[in-house]
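# Close look at the chain arrangement
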Amino acid sequence: MTKDLCTLNEQGRDEYFMTEALKEGKKAYALGEIPIGAILVHNGEIISRHHNRRELDQDATAHAEVLVIREACDLLKRWRLTGCTLYVTIEPCPMCAGAIINSRIDRVVYGASDYKGGAVESLFNVLSHPGLNHEPQLQAGILADECAQLMKDFFKERRKSRRSTQEAEGSALEMR
Ligand SMILES: [Zn+2]
């Protein structure tokens, strides 16, 4: 862990790492991907950072959380990610919550809730299901406003560009 991080309390560290996850989200935004970023921290060090790559890879499973979990398993040469904390800007979906359980990650920190598809507290409570034998520690709401705003801006812009495409197509039809 760097010296600066040692002087911070847990919330300060969570905000620091969430800022890094947000940077990944912003990269996704610039690429036209849904702007979700994730960071995997092992012993206080970032060992993997990714953003959603579904369009780039044309892969339905290329969510930021799955990508950092895969890379961390590769780097640490083990599938059990004990000693790791996952930071992600938006509440994980059912697939990613499943990957979190299966990789035995110690702690999960996320920014904004996803009321339509979140599998941690919104739609399902996968990470705290009493029937499962692994329950990671949970922290929600870190830099929630910034994380949610990035998504709102993205979808607003996308709707706008779709509308202008439709308008352009409409006027092209009128010209015929
Ligand atoms: Zn996911």
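Below: a short report on this structure. On a predicted model such as this, the values are computed, not experimentally measured, just so you know.

### What to know about the overall build of the protein
Each helix and strand counted, the protein has 6 helices and 5 strands in total. When the backbone C-alpha atoms are referred to their principal axes, the protein occupies close to 65 × 40 × 30 Å. Relative to its full complement of 176 residues, the protein shows a buried share of 40%. For the protein, the proportion of contacts with a sequence separation of at least 24, taken over those separated by at least 6, is 57%. As displayed, the protein offers around 10,000 Å² of accessible surface, 51% of which is attributable to carbon and sulfur atoms. Between the averaged position of the 23 positive side-chain charges in the protein and that of its 26 negative side-chain charges there is a distance of 2 Å.

### Concerning the side chain of Asp14
One can find Asp14 in helix α2 (residues 10-30). Judged by relative accessible area, Asp14 falls into the buried class, the value being 3%. Within polar-contact distance, the side chain of Asp14 engages the side chain of Tyr87 at 2.8 Å. Contacts of Asp14, omitting those with residues within four sequence positions, involve Tyr87, Arg107, Val109, Gln139 and Ile142.

### What about the packing of helix α4 (residues 64-76) against helix α5 (residues 94-103)?
One way to put it is that α4 packs onto α5 with a least axis distance of 9 Å and a crossing angle of 25°. One way to sum up the angle between α4 and α5 is to call them roughly parallel. Crossing of α4 against α5: the hand is left-handed. Touching Glu65, Val66 and Ile69 of α4 are Met95, Cys96, Ala99, Ile100 and Ser103, all from α5. Tallied by class, the residues present in the contact of α4 with α5 amount to 6 nonpolar, 1 polar and 1 charged.

### Here we look at the coordination of the zinc ion
Angles between donor atoms at a metal ideally measure 109.5 degrees for a four-coordinate tetrahedral arrangement and either 90 or 180 degrees for a six-coordinate octahedral one. Around the zinc ion, the protein supplies His63 (ND1), Cys93 (SG) and Cys96 (SG) as donor atoms, at distances of 2.1 to 2.3 Å. Positions of the donor residues of the zinc ion along the chain correspond to the pattern H-x29-C-x2-C. In this structure Cys93 comes out as buried when scored by relative accessible area, which is 16%. Owing to a relative accessible area of 0%, Cys96 belongs among the buried residues under this scheme.

### So, the nonpolar core
Judged by nonpolar contacts, the single largest core of 42 residues is most densely connected at Met18, Leu86 and Ile105. Of all the secondary-structure elements, those providing two or more residues to this core are α2, β1 (37-42), α4, β3 (84-90), α5, β4 (107-112) and α6 (144-175). Once residues lying within four places of it in the same chain are set aside, the contact partners of Leu86 are Ala38, Ile39, Leu40, Glu65, Val68, Ile100, Ile105, Arg107, Val108 and Val109.

### Quick word on the pairing of β4
Within β4, 6 of the 6 residues are buried, leaving the element largely enclosed by the surrounding structure. With 5 bridges connecting them, β3 and β4 associate as parallel partners. In the strand pairing of β4, Val88 is matched with Tyr110. Where the polypeptide runs from β3 across α5 and back to β4, its parallel neighbour, the crossover connection is right-handed. Pairing analysis gives 3 bridges linking β4 to strand β5 (residues 137-139), with the strands arranged parallel.

### Some remarks on the pairing of strand β2 (residues 45-51)
By the bridge criterion, 6 bridges tie β1 to β2 in an arrangement that is antiparallel. Within β2, the residue paired with His42 across the bridge is Glu45. Taking the residues that link successive antiparallel strands as the turn, the β1-β2 hairpin has 2 residues, and the phi of Asn43 there is positive, at about 50°.

Each value, and the rule that gives it
Residues numbered from 1 in each chain as written. Predicted model: local features only at pLDDT ≥ 70, side-chain atom pairs only at ≥ 80, totals over all residues. Heavy atoms only, no water. Helix = DSSP H or I, 4+ residues; strand = E, 2+ residues; numbered from the N terminus. Buried < 20%, exposed > 50% of the residue type's maximum accessible area, 1.4 Å probe, protein only. Contact = heavy atoms within 4.5 Å. Areas by Shrake-Rupley, 256 points an atom, 1.4 Å probe, with all protein chains shown as cover. Lys, Arg positive; Asp, Glu negative; His and termini not counted. Charge placed at Lys NZ, Arg CZ, Asp CG, Glu CD. Polar contact = N/O pair within 3.5 Å; in protein donor to acceptor, adjacent residues only side chain to side chain. Axes fitted to C-alpha atoms, helices over the stretch in contact; angles between N-to-C directions. Parallel < 35°, antiparallel > 145°, perpendicular 65-115°, else oblique. Left-handed = near helix turned anticlockwise from the far one by under 90°. Nonpolar A, V, L, I, M, F, W, Y, C, P; charged D, E, K, R; others polar. Donors = N, O, S within 2.8 Å, 3.2 Å for Na, K, Ca; no water. Core = buried A, V, L, I, M, F, W, Y, C linked by side-chain atoms within 4.5 Å. Pairing = 2+ DSSP bridges. Right-handed = clockwise from strand over helix to strand, strands pointing away.

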